[in-house]
Amino acid sequence: MTTTVSASPDAPTAALAPLKLLIAAPRGFCAGVDRAIEIVERALDRYGQPVFVRHEIVHNRYVVDGLKEKGAIFVEELDEVPDGSPVVFSAHGVPKTIPATATERGLDWLDATCPLVSKVHRQAERHVEAGRHILFVGHKGHPEVIGTMGQVPDGAITLVETLEDVAALDFPEGKPLAFLTQTTLSVDDTREIVAALRARFPDISGPRAEDICYATSNRQAAVKAIAERCDLLLVIGAPNSSNSLRLVEVAEREGTKARLIQRGGEIDPAWLEGVETLGLTAGASAPEVLVREVIDTLREWRTVEEETVTTTVEKMVFKLPRQLTE
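Every chain begins its residue count from 1, and numbering advances along the sequence as written. Restriction of local features to residues with pLDDT of at least 70 applies here, the model being predicted, together with a cutoff of 80 or more for giving and counting side-chain atom pairs; totals for whole chains, interfaces and linings are based on all residues. Side-chain measures were taken over the full set of non-hydrogen atoms in the model, leaving aside hydrogen atoms and water.

Glancing now at the layout of surface pockets. Every definition here rests on a 1 Å grid over the protein atoms only: cavities are sets of points where a 1.4 Å probe fits but cannot get out, pockets are open sets enclosed by protein on both sides within 12 Å along at least five of seven lines, and lining residues have some atom within 4 Å of a point. Grid points are joined across faces, edges and corners, and a volume is the space filled by probe spheres set on the points. The calculated volume of the largest pocket comes to roughly 310 Å³. Around the largest pocket, the lining comprises 15 residues; the ones closest to its centre are Asp111, Thr113, Ser118, His121 and Arg122. Each helix is a run of DSSP H or I of at least 4 residues and each strand a run of E of at least 2, with the numbering of both proceeding from the N terminus. Counting residues per element, the ones that place at least two in the lining of the largest pocket are β6 (108-111) and α4 (115-129). Residues are grouped as follows: Ala, Val, Leu, Ile, Met, Phe, Trp, Tyr, Cys and Pro are nonpolar; Asp, Glu, Lys and Arg are charged; every other residue, Gly included, is polar. Residue composition of the lining of the largest pocket, grouped by class: five nonpolar, four polar and six charged.

Shown next as structure tokens:
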């Protein structure tokens, strides 16, 4: 679909060089993010204000601020939640100790962990039950990594971030091993690390398919589909959003300059000098309203011709917790 939109009538004539805008699809919210936000909104409807949320429900300031306006209070730790208050756990997942502590305190808690992350949690538990040590491919300090490593006893998981980490692993011959991966990694980078793990440890157990979620894979594929046609690609997402950062890396790996932005106001018009074709996508936590905001900002400087490039259509929907549907 192609739509031509004129620039603002107040824009200088010299600034009206046409800009071809390739908009990647799929982009923006995934089913897990939709579910997490709906859980907070429904909790507010059911319990009233305030509803506490441990950590950002998703990594997007616009979304978090919008939920704050509706009555959500975001905290870093569970001990900041008053007794008797409802609390929601973020989409990234939490260590087992968090819901256990909430239950001990009698808190009414809701788990907004993405079901695909929960699937990795269950896999980790099964591997430990089978006596395997887990090699977890992910980024140190990311909430999803903290949550997954917190599903099993200390020492049962070793974090692997790079090929160099794989080379440095030292396990006795015959040690039962398994690998799992964070769901928001680069498909290409993860494939290389998994290949290196299999080469070093031929008997290592792993999932039938990589744990990288469908939304992460689809958004990276969509970027690849447009990157070679672009002079510059903009990714809408937060600096602490793993899947958004990976989209920047995917574009750069394809040889295209890319920038991460959170809002339209962050765009420097100087970036567009010499740019005839601009790519645009959004991470899985970025709402479509920010995509339109960016396009409106671009229209202030250039005549914009939009083309949506669709590589797949997503139809995934995740069920809500029983507490909100019964």
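On we go from here.
Where burial is concerned, most of strand β7 (residues 133-137) is hidden: five out of the five residues are buried. For every residue, the accessible area (1.4 Å probe, protein chains only) is compared with the maximum for its type, and the residue is labelled buried under 20%, exposed over 50%, or partly exposed between those bounds. Side chains of β7 alternate between two faces, with His133, Leu135 and Val137 and Ile134 and Phe136 buried alike. Here, any two strands with at least 2 DSSP bridges between them count as paired. Bridge analysis of β7 against strand β9 (residues 177-181) gives five bridges, and the strand direction is parallel. By the bridge assignment for β9, His133 is matched with Leu177.

Turning our attention to the sheet that holds strand β3 (residues 51-54). As a general point, the strands of a sheet are linked pairwise by backbone hydrogen bonds and lie either parallel or antiparallel. In spatial order, the strands read β4-β3-β5-β6; together these four strands make up an open sheet with parallel pairing. Bordering the open sheet on either side are β4 (72-75) and β6, each of which pairs with just one other strand. Across the sheet, the mean angle separating the axes of adjacent strands is 25° when strand polarity is ignored. Both β3 and β4 contribute to a ladder of four bridges, which runs parallel. Counterpart to Phe52 in the pairing with β4 is Ile73. Contacts were defined at the residue level, with two residues in contact if any of their heavy atoms lie within 4.5 Å. Between the N-to-C directions of two axes lies an angle of 0 to 180 degrees, each axis being a line fitted to C-alpha atoms and, for a helix, fitted only over the stretch in contact. Along the sheet face, helix α1 (residues 31-47) touches β3, β4, β5 (86-89) and β6 and points at about 155° away from the line of β6.

Time to look at the nonpolar core. Nonpolar cores are built from buried Ala, Val, Leu, Ile, Met, Phe, Trp, Tyr and Cys residues. Side-chain atoms within 4.5 Å join them into one set. Residues Val40, Ile57, Leu67 and Val88 are the most contacted members of the largest nonpolar core, which totals 31 residues. Secondary-structure elements contributing two or more residues to this core are α1, β3, α2 (61-70), β4 and α8 (214-227). A per-element tally of this core places α1 first, with eight residues. Excluding residues within four positions of it along the chain, Val40 makes contact with Val53, Ile57, Leu67, Ala72 and Val88. Formed by 20 residues, the second largest nonpolar core is a distinct cluster that contains Leu19, Ile261, Val294 and Ile295.

Further remarks concern the sheet that holds β7. Pairing is parallel across the open sheet formed by three strands, whose spatial order is β8-β7-β9. Because the sheet does not close on itself, it has two edges, and the strands there are β8 (157-160) and β9. Pairs of neighbouring strands in the sheet enclose a mean axial angle of 25°, with direction left out of account. Bridging between β7 and β8 involves four bridges; their strand directions are parallel. Among the inter-strand pairings, Ile134 is bridged to a residue of β8, identified as Ile157. On the sheet, helix α7 (residues 187-200) packs against β7, β8 and β9 and is oriented at approximately 180° with respect to β9.

We now examine the environment of Arg122. Within the secondary structure, Arg122 is located in helix α4. On the accessibility criterion, Arg122 (43% relative accessible area) is partly exposed. Residues Arg122 and Gln151, 29 residues apart in the sequence, show an inter-C-alpha distance of 8.3 Å.

A separate point is the pattern of salt bridges. When a carboxyl oxygen of Asp or Glu lies within 4 Å of a side-chain nitrogen of Lys or Arg, that pair is called a salt bridge. Summed over the entire model, instances satisfying the criterion amount to 20 salt bridges. Residue Lys70 pairs with Glu41 through a salt bridge whose shortest N-O separation is 2.8 Å. Residue Lys70 is located in helix α2, and its partner Glu41 is located in helix α1; the two are separated by 29 residues in the primary sequence. For Arg253, the salt bridge is made with Asp188, and the minimal N-O distance between the two is 3.7 Å. With Arg253 in helix α9 (residues 242-253) and Asp188 in helix α7, the pair connects residues that are 65 residues apart, well separated along the chain. Bridged by salt links that share partners, the residues Asp188, Asp189, Arg191, Lys224 and Arg253 form one connected network.

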